[in-house]
Amino acid sequence: MIILGVESSCDETGLALFHSEKGLLGHITSSQHSIHKEYGGVVPELASRDHVKKFIPILGKLLNTTNLNLEDISLISFTNGPGLLGPLLTGAAFSKSLAYSLNIQAIEVDHLEAHIMSPMMIDSTLKPPFISLLVSGGHTFLSKIDNVYNHELIGKSVDDAAGEVFDKVARSLGLAYPGGPEISKAASQTSKSSFKFPRPMIKSDDYNFSFSGLKTSVINTIKNINLDDKIVRDIAYDFENSVIDVLISKTLKAAKNFEIKNVVVSGGVSANKKLRKRFNEEGRDLNIFFPDIEFSTDNGAMIAYIGYLKCKNKLENNLEINPQTTSSFF
Ligand code: KG4
Ligand code: ZN
């Protein structure tokens, strides 16, 4: 069977077609970064309007490139949260009306679950149990995934999410939105820094994170100096290292304490090259899994994949899929 995945929780319109036996057939992600750039963050109303404009043209292109027809689709899965309400509603309305017109089901998918499971879509060797670090613009969640249906949140950011702090610090440095790739680019142009920012909660006994103090420390530093290219590079370098130090330290501690060898790092921040490199180096006695870079940030493929997993579960366990239920992973 072929599943259409629809993602519209924030500023990416993502559509994908996933085949239950052949895997991912195709996917298209249309980013709205150029629309939101001048505001330094996502404007929900503009995001909703752009999703509405894009769904049908993207679906047409996707069907064309995969040589498929609308009638080949047997199920639609769409993101129902967490995310921005307006953008989510556009995806729900599009998915439910298309499903109604095709006389098929539309099911709801949790965006966090999709990020967490996304590496399994490509790498069939990855199976739970694993420790999951989900680092996106809205969430920093550390969890223990025992199997596809059983997961335990063991730690999270008590304030800002890691990606959010990348975006806010980038803005203070005069860098473009989204800030993660911009900070990463500036940081990669140096190998040392004249700044040393705090590593918040790195020694705390729990698995929680805190990034707002780090953000304030960077912003206060910026207020007191005249920025030039070298200073921007130096600040970006130590800021990026600070976030990475804390993320790696807590994740490896969880893997050690729970005696779990598989670690999955997903969500937009997992696209960060230095984060990937250092996880592979410092976690060399573990198996570290990342989604392909194109599936780190929001996309429809991970939503279609969860639709497939839910459907497989239904077939295997004879469960009812209820299109009305609000999915909540944790
Ligand atoms: O998963 P995602 O696309 O959307 C949410 O679910 O939030 O994550 C977006 C976040 C943004 O904050 C963005 O700055 C960050 O991921 N990001 C990065 C990188 N690429 C994207 N952060 C650090 N380094 C990157 N290379
Ligand atoms: Zn996301």
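To start, this report covers the structure provided alongside it.

## Considering the overall build of the protein
Step number 1: In terms of regular secondary structure, the protein is built from 10 helices and 10 strands.
Step number 2: Computed over C-alpha atoms, the radius of gyration of the protein comes to 20 Å, within 12% of the 20 Å expected from 2.2 N^0.38 for 330 residues, which places it in the range of a compact globule.
Step number 3: Its C-alpha atoms put the protein at 60 × 45 × 30 Å along the principal axes.
Step number 4: The long-range share in the protein, meaning contacts at least 24 apart out of those at least 6 apart in sequence, stands at 71%.
Step number 5: Summed over its atoms, the accessible surface of the protein is roughly 14,700 Å², and 51% of this surface lies on carbon and sulfur atoms.
Step number 6: Measuring between centres, the 34 positive side-chain charges of the protein sit 5 Å from its 37 negative side-chain charges.

## Considering the coordination of the zinc ion (ligand 2)
Step number 1: Distances from the zinc ion (ligand 2) to its protein donors, His111 (NE2), His115 (NE2) and Asp298 (OD), fall within 2.0 to 2.1 Å.
Step number 2: Here the donor residues of the zinc ion (ligand 2) share one chain and are spaced in sequence as H-x3-H-x182-D. Of this pair, His115 sits in helix H4 (residues 111–122) while Asp298 sits in the loop between strand S10 (287–289) and helix H10 (300–317), and the two are 183 residues apart along the sequence. Each member of the pair, His115 as well as Asp298, carries the same accessibility label: buried.

## What about the sheet that holds strand S4 (residues 73–81)?
Step number 1: Ordered in space as S3-S2-S1-S4-S5, the five strands form an open sheet in which the pairing is mixed. The open sheet is flanked by strand S3 (23–31) and strand S5 (105–110), the only strands paired with a single partner. Strand-to-strand, the axes of this sheet are offset by a mean angle of 20 degrees, without reference to chain direction.
Step number 2: Sheet topology note: the S4/S5 ladder contains six bridges and is parallel. From the neighbouring strand, Ser77 faces S5, where its bridge partner is Ile107.
Step number 3: The strands touched by helix H2 (residues 44–66) within the sheet are strand S1 (2–7), strand S2 (12–19), S3 and S4, with S2 carrying the most contacts at an inclination of about 30 degrees.
Step number 4: Running at roughly 90 degrees to S5, H4 makes contact with S1, S2, S4 and S5 of the sheet.

## Overview of the site of ligand 1
Step number 1: Around ligand 1 sit 19 residues, and of these Gly137, Asp167, Gly180, Gly268 and Asp298 come closest.
Step number 2: In this structure, Gly138 approaches ligand 1 through a main-chain N or O atom, which is 3.4 Å from an oxygen atom.
Step number 3: At a separation of 3.1 Å, an oxygen atom of ligand 1 approaches a polar backbone atom of Asp298.
Step number 4: In the complex, 89% of the free accessible area of ligand 1, which totals 550 Å², lies under the protein chains.
Step number 5: At the level of elements, H4, helix H5 (162–172) and helix H6 (179–187) are the ones that each hand at least two residues to the shell around ligand 1.
Step number 6: Taken together, the residues of the shell around ligand 1 sort by class into five nonpolar, 12 polar and two charged.

## A closer look at the pairing of strand S8 (residues 150–156)
Step number 1: Where strand S7 (residues 140–147) and S8 come together, six bridges link them in antiparallel fashion. Residue Ile145 lies in a different strand from S8, and its bridge partner there is His151.
Step number 2: As consecutive antiparallel partners, S7 and S8 are separated by two residues.

## Points about the pattern of salt bridges
Step number 1: All chains considered together, the criterion is met by 15 salt bridges.
Step number 2: Here Asp160 and Lys215 are joined by a salt bridge, their closest N and O atoms 2.7 Å apart. Of this pair, Asp160 sits in the loop between S8 and H5 while Lys215 sits in helix H7 (residues 212–223), and the two are 55 residues apart along the sequence.
Step number 3: Its salt-bridge partner being Glu164, residue Lys168 comes within 2.9 Å of it at the nearest N-O pair. You can see Lys168 and its partner Glu164 sitting in helix H5, four residues apart, about one turn around the helix.
Step number 4: Ionic contacts of the salt-bridge type, sharing partners, join the residues Arg199, Asp238, Asp245, Arg278 and Glu282 into one network.

About the cut-offs
- Residues numbered from 1 in each chain as written.
- Chains lettered and ligands numbered in written order.
- Predicted model: local features only at pLDDT ≥ 70, side-chain atom pairs only at ≥ 80, totals over all residues.
- Heavy atoms only, no water.
- Helix = DSSP H or I, 4+ residues; strand = E, 2+ residues; numbered from the N terminus.
- Rg over C-alpha atoms; globule rule 2.2 N^0.38 Å.
- Contact = heavy atoms within 4.5 Å.
- Areas by Shrake-Rupley, 256 points an atom, 1.4 Å probe, with all protein chains shown as cover.
- Lys, Arg positive; Asp, Glu negative; His and termini not counted.
- Charge placed at Lys NZ, Arg CZ, Asp CG, Glu CD.
- Donors = N, O, S within 2.8 Å, 3.2 Å for Na, K, Ca; no water.
- Buried < 20%, exposed > 50% of the residue type's maximum accessible area, 1.4 Å probe, protein only.
- Pairing = 2+ DSSP bridges.
- Axes fitted to C-alpha atoms, helices over the stretch in contact; angles between N-to-C directions.
- Near = heavy atom within 4 Å.
- Polar contact = N/O pair within 3.5 Å; in protein donor to acceptor, adjacent residues only side chain to side chain.
- Nonpolar A, V, L, I, M, F, W, Y, C, P; charged D, E, K, R; others polar.
- Salt bridge = Lys/Arg side-chain N within 4 Å of Asp/Glu carboxyl O.

Fair warning: the whole summary comes from geometry, so function is off the table for now.
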